[in-house]
Amino acid sequence: MKKAGKYLGRFLIGVLILALVAASAGLFYFKSYLPNTVAKKSFPQIDGEIQLTGLNTPVDIYRDAMGIPHIYATTAHDLFFAQGYVHAQDRFWQMDSWRHIGSGELSKMFGSAQVETDAFLRTLGWRKTAEAEWENLDSESRAILQAYTDGVNAYLKDHKDTALSLEYAVLGLLSPAYEIEPWTPIHSLTWGKAMAWDLRGNMGEEIERAVLLKTFTPEQMAQLFPAYPEDHPVIVNEMPVKEQASKLPSDSEPIAFDYSQLQLDTVNHNASLLDPVLGPWNDGIGSNSWAVSGALTDTGMPYLANDPHLGIQMPSIWYQVGLHCVEKSDECPFEVTGFSFAGVPGVVIGHNDKIAWGFTNVGPDVMDLYIEKVNPENPNQYEVNGEWVDFETYEEIIEIVGDEPVTITVKKTRHGPVISELYGPLMNEGNPDDAEFVPFKDRAGVDLPDQYVIALQWTALTPSTPFEAIWGFNKAQNWDEFREAARGFHVPAQNLIYADVEGNIGYQMPGDIPIRKNGDGTLPVPGWTDDYEWTGFIPFEELPYAFNPEEGYIVTANNRCQPWDYPYLITKDWDYGFRANRIVEMIESAPGKIDKAYIQQMHGDSFDSNAEIFVPLLLGMDFKFAKETEAIAFDTLQNWDYQDRIDSTAAAVFNAFWRAFVQNTFNDEMPEERYFPDGGSRWNEIMRQMVKNPNDPFWDDKSTLDVTETMPDIITKSFSDGIVELEGIFGKDVKQWKWGEMHAATFRNSTLGESGVSLIEDLLNRGPFPTGGGDSIVNATGWSIRDGYETNWLPSMRMVVDFNDLNASLTVHTTGQSGHAYHPHYDDMAPLWANVEYYPMWWDQESIINDAEGYLKLVP
């Protein structure tokens, strides 16, 4: 979840400079008036009494010392009504921008620069899918959403513009015609689609494979996309599966096309339109979780730990909340605390009075690209099994604040929306007569059509919402009820970790995972026959699960989940298991019984498995140092424990080397810059395998025509290049080279934080905060080999549930509970997060009241 920055910047910079910055009053307005006067208008009332229409009985809301609301209500309606109210109190700007993303209505808020993004969002059809989901919901789910919606609107009734959030003061300058609309249940449901895109799986790899096949041989492709390593752990080691023929695709299946001229630039471009608003896909985005049984703990009861990894943003993606029915009953069954999404009722991750659960992303292959053959005599038709059929089409009207609306036509095939159409300023670029568009004969004897489009089949575009399952988790009292709720969790498929007050631990993978007639989902396939159709989904009963495994623990970290003999394909694009391997290693090598302090140590573990392999190689080489800084830096690697800590000079030296090492090895091989390595577990595994062959052809630098480099040559050059880069960042005093400083986390407002206007950015952004950890490390703070070391995704929260005493559970999330700039709880969690520290995750009402900084009563 990132930011709408660069695209919004096109609109913001010119308007703002003309309107304010050049004026003498501009600095005063942004530096004094907005932070000191306007910002405080949006701070929520947290004490006293508020009378609200739509509430049936009084509701008590206690805000603890971190600003977290704990809501006590008599009825489920009033509980979710109050949740909607407090979400709007603290995070309405975030909610407002999220609903415009989910509905493809960014232009309605930010102007014409967003038309192209909206066009792609409308093509995907998230809002239409959400509308269909609303029609299919049962009465209880509808009641939850409607009560929540009514609570949001009760707040909007009495609060407008800057009384809702400081950002509306800036938006009023940029989009003065913008009007805030009432909340609807559809707005909540669209966020499930946005999360499914954010955790979407392997569409990027599918495109990348097709493009790289133009350059590399199948053997090289196997090297660049290695199989999941057999020496790294899987989540479920064994499970019963019905006797049947394997549903796994054959490794010898022919490639559907010679992909050398398949045009994917437009698909790539359209998918990238969502990067500024939802964050680019990265194989590190996923999460860690583990549950440890009482046999291994100091209390004799389980611990459950979770830290979901998502893009860095401001405010936090999570909103922590407690939801308590004063008396639990069938009519009011909720007694739960944890992390919610502002804009959605319920608790996504957390615990109730009996069970706890956490999420990590599975990353299954649930998106396939189909090449659809277009009728050369009628572009409104495409081929299905030898017959021409009409595209399904409909018009979408994109409203633009302060401008005339734009109408687009969306095309769909039997597989899904056509995503290869060009929109906006790129619509007229490209020439169909270019040689790139010439059709060709493929290796399997199938012609790429003269005219074609590319359609997306994706499970998230079939109506289903994960929130019904989540509300089921909120109520579940045991493993069976939890699994039954998980049955309704269709997309995005998550590794569900579980523990309960009876001492059980468990794991369930849910989700709609397609079974393919042919193919393995790694490349685009022909859409004009039934040869590559989805024939069904893996039955829920046969999805991977575990309950009280004999190991006494369960670890999930986006690694392969199924046993090695599992008969179904889930994906070929797993995280490669470096984090999972380290977590298992720490559990199995614990110095004694595992306690919360040890789990905190695990959360903060910054062991760099790349360093474990390559530092000994570096130290074993006979370097001829060209300057003193190289010798001093080299010496810091002696006796280093391979921990990428905040204050580590050795970590700074190694990561600068690593960045140069990967670039020097592969950038010269890639067909274009967008496919330069960006880091992550796949590249770690590629390098881990290549180290076994110092003469691998990939080590050779293609730009030096008269020399054939080997691994030692690239190591030597990369170490020197890394030192030059560090000198440019810090200067020549090696003692000042600190990993945490170059890898710092800056939390940027998720819409206006990269506007390109410093006066706006200074209002809303916070940081930098020195940060440890890194890619494929348990303390998973991502950075980009292409773009630099700044933290770009991270553990968005950390949670430790203690089943010996739920009131002793611990947690933290990234920035603060409040979404209001200059509020005390806007960024008070950020230093705790950066230092892997926690605050109490209060459960007992007495503790909540004793720690309360505010007590608000809502009355009918």
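Rules used throughout
Residues numbered from 1 in each chain as written. Predicted model: local features only at pLDDT ≥ 70, side-chain atom pairs only at ≥ 80, totals over all residues. Heavy atoms only, no water. Helix = DSSP H or I, 4+ residues; strand = E, 2+ residues; numbered from the N terminus. Rg over C-alpha atoms; globule rule 2.2 N^0.38 Å. Buried < 20%, exposed > 50% of the residue type's maximum accessible area, 1.4 Å probe, protein only. Contact = heavy atoms within 4.5 Å. Areas by Shrake-Rupley, 256 points an atom, 1.4 Å probe, with all protein chains shown as cover. Lys, Arg positive; Asp, Glu negative; His and termini not counted. Charge placed at Lys NZ, Arg CZ, Asp CG, Glu CD. Core = buried A, V, L, I, M, F, W, Y, C linked by side-chain atoms within 4.5 Å. Salt bridge = Lys/Arg side-chain N within 4 Å of Asp/Glu carboxyl O. Pairing = 2+ DSSP bridges. Axes fitted to C-alpha atoms, helices over the stretch in contact; angles between N-to-C directions. Phe/Tyr/Trp six-rings, centres within 6.5 Å; stacked < 30°, edge-to-face > 60°. Lys NZ or Arg CZ within 6 Å of the ring centre and 35° of its normal. pLDDT = per-residue confidence, 0-100. 1 Å grid on protein atoms, 1.4 Å probe; cavity = no way out; pocket = protein on both sides within 12 Å on 5 of 7 lines; lining within 4 Å. Points joined across faces, edges and corners; volume = space filled by probe spheres on them. Nonpolar A, V, L, I, M, F, W, Y, C, P; charged D, E, K, R; others polar. Expected span 1.5 Å × (residues − 1). Polar contact = N/O pair within 3.5 Å; in protein donor to acceptor, adjacent residues only side chain to side chain.

### Some details on the overall build of the protein
And step 1. Of the regular secondary structure elements, the protein holds 26 helices and 31 strands.
And step 2. Compactness check: the protein gives a C-alpha radius of gyration of 27 Å against a globular reference of 29 Å for 860 residues, within 12% of the reference.
And step 3. Each of the 860 residues in the protein was classed as buried or not, and the buried ones make up 64%.
And step 4. For the protein, the share of sequence-separated contacts (at least 6 apart) that also reach a separation of at least 24 residues comes to 75%.
And step 5. Accessible surface computed for the protein: about 30,700 Å², of which carbon and sulfur atoms make up 49%.
And step 6. Side chains of the protein carry 60 positive and 127 negative charges; the gap between the two charge centres is 2 Å.

### Re the nonpolar core
And step 1. The biggest cluster of nonpolar side chains holds 230 residues, and the ones touching the most others in it are Trp126, Trp197 and Phe473.
And step 2. The greatest single-element share of this core, amounting to 13 residues, is contributed by helix H3 (residues 76–102).
And step 3. When residues no more than four places from it in sequence are discounted, the contact partners of Phe473 are Asn352, Ile355, Trp357, Phe359, Phe482, Ala485, Ala486, Phe489 and Leu496.
And step 4. In this structure, Trp290, Tyr303, Tyr598 and Val778 belong to the second largest nonpolar core, which totals 20 residues.

### Considerations on the environment of Glu630
And step 1. Relative to the elements of secondary structure, Glu630 occurs in helix H19 (residues 628–636).
And step 2. Overall, the relative accessible area of 4% leaves Glu630 in the buried class.
And step 3. C-alpha of Glu630 to C-alpha of Tyr382: the two residues are 248 residues apart in sequence and 62 Å apart in space.
And step 4. Ignoring sequence-local partners within four residues, the contact set of Glu630 consists of Lys624, Phe625, Phe719, Ser720 and Ile723.

### A short note on the pattern of salt bridges
And step 1. In total, this model carries 40 salt bridges according to the counting rule given.
And step 2. Measuring nitrogen to oxygen at the nearest pair gives 3.5 Å for the salt bridge that ties Glu383 to Lys373. Residue Glu383 is found in strand S12 (residues 381–384), and its partner Lys373 is found in strand S11 (residues 367–373); the two are separated by 10 residues along the sequence.
And step 3. For the salt bridge of Arg579 with Asp575, the shortest nitrogen-to-oxygen distance reads 3.2 Å. With respect to burial, Arg579 and Asp575 carry one shared label: buried.

### Concerning the sheet that holds strand S16 (residues 452–458)
And step 1. Taken together, 3 strands build an open sheet; the order of strands is S16-S11-S20 and the sheet is mixed. Where the open sheet ends on each side, the last strands, each with one partner, are S16 and strand S20 (525–526).
And step 2. Bridging between S11 and S20 involves 2 bridges; their strand directions are parallel. By the bridge assignment, Ile371 is partnered in S20 with Pro526.
And step 3. Along the sheet, helix H10 (residues 203–212) makes contact with S11 and S16, crossing S11 at roughly 50°.

### Here we look at the packing of aromatic side chains
And step 1. This model, assessed by the stated rule, comprises 51 aromatic pairs.
And step 2. Both rings, one in Trp93 and one in Tyr168, keep their centres 4.8 Å apart while their planes meet at 80°; by these two values the pair is edge-to-face. Highlighted residues: Trp93 in helix H3 and Tyr168 in helix H8 (residues 167–174), separated in sequence by 75 residues.
And step 3. Taking 4.9 Å as the distance between ring centres and 35° as the angle between the ring planes, the aromatic pair formed by Trp783 and Tyr789 counts as tilted. Neither residue differs from the other here; Trp783 and Tyr789 are each classed as buried.
And step 4. The structure contains a cluster of three or more aromatic residues connected by ring pairs, namely Phe607, Phe614, Trp640, Tyr642, Phe654, Phe657, Trp658, Phe661 and Trp699.
And step 5. Over the face of the ring belonging to Tyr394 we find Lys128, whose NZ or CZ atom lies 4.8 Å from the ring centre.
And step 6. The aromatic ring of Phe607 is capped on one face by Arg582, whose charged end is 4.4 Å from the ring centroid.

### Quick notes on the pairing of strand S31 (residues 854–859)
And step 1. As paired elements, strand S1 (residues 48–51) and S31 share 4 bridges and run parallel to each other. When the sheet's bridge partners are listed, Gln51 is paired in S31 with Val859.
And step 2. Pairing of strand S2 (residues 59–63) with S31, which is carried by 5 bridges, proceeds in the antiparallel orientation. Opposite Arg63, over in S31, you have Gly854 as the bridge partner.

### Quick word on the sheet that holds strand S29 (residues 810–813)
And step 1. Taken in spatial order, the 6 strands of this open sheet run S23-S4-S5-S28-S29-S30, and their pairing is antiparallel. Where the open sheet ends on each side, the last strands, each with one partner, are strand S23 (553–556) and strand S30 (839–840).
And step 2. Relative to S29, strand S28 (residues 797–802) runs antiparallel, the two being bridged by 4 bridges. Each residue of the ladder has a partner; that of Met799, found in S29, is Thr811.

### Let's talk about the confidence of the model for the protein
Low pLDDT marks stretches whose predicted atomic positions should not be read closely.
And step 1. Here the protein averages 91 in pLDDT, and 91% of its residues register 70 or above.
And step 2. This model gives residues 1–7 a pLDDT under 50, and the stretch forms 40 contacts once residues within four places in sequence are excluded.

### Here we look at empty space enclosed by the protein
And step 1. Under the defined criterion, the tally for this structure stands at 9 cavities of 30 Å³ or more.
And step 2. For the largest cavity, the calculated volume is near 190 Å³.
And step 3. Taken together, 20 residues line the largest cavity, and the ones lying closest to its centre are Met195, Leu199, Phe341, Phe359 and Gln494.
And step 4. For the lining of the largest cavity, the secondary structure elements donating two or more residues are helix H9 (185–198), strand S6 (309–311), strand S10 (355–361) and helix H14 (466–475).
And step 5. The element that contributes the greatest number of residues to the lining of the largest cavity is H14, accounting for 3 residues.
And step 6. Per-class residue counts for the lining of the largest cavity are 14 nonpolar, 6 polar and no charged.
And step 7. Empty space within the second largest cavity amounts to approximately 80 Å³.
And step 8. For the second largest cavity, the lining is made up of 13 residues, of which Asn610, Asn655, Trp658, Asp775 and Trp783 are closest to its centre.

### What to know about helix H20 (residues 649–666)
And step 1. In a regular helix each residue adds 1.5 Å, so 18 residues correspond to 26 Å; H20 covers 26 Å between its end C-alpha atoms and thus fits that length.
And step 2. Within H20, 17 of the 18 residues are buried, which leaves it mostly tucked inside the rest of the structure.
And step 3. Where H20 begins, the capping side chain belongs to Ser648, and its oxygen is found 3.4 Å from the backbone nitrogen of Ala650.

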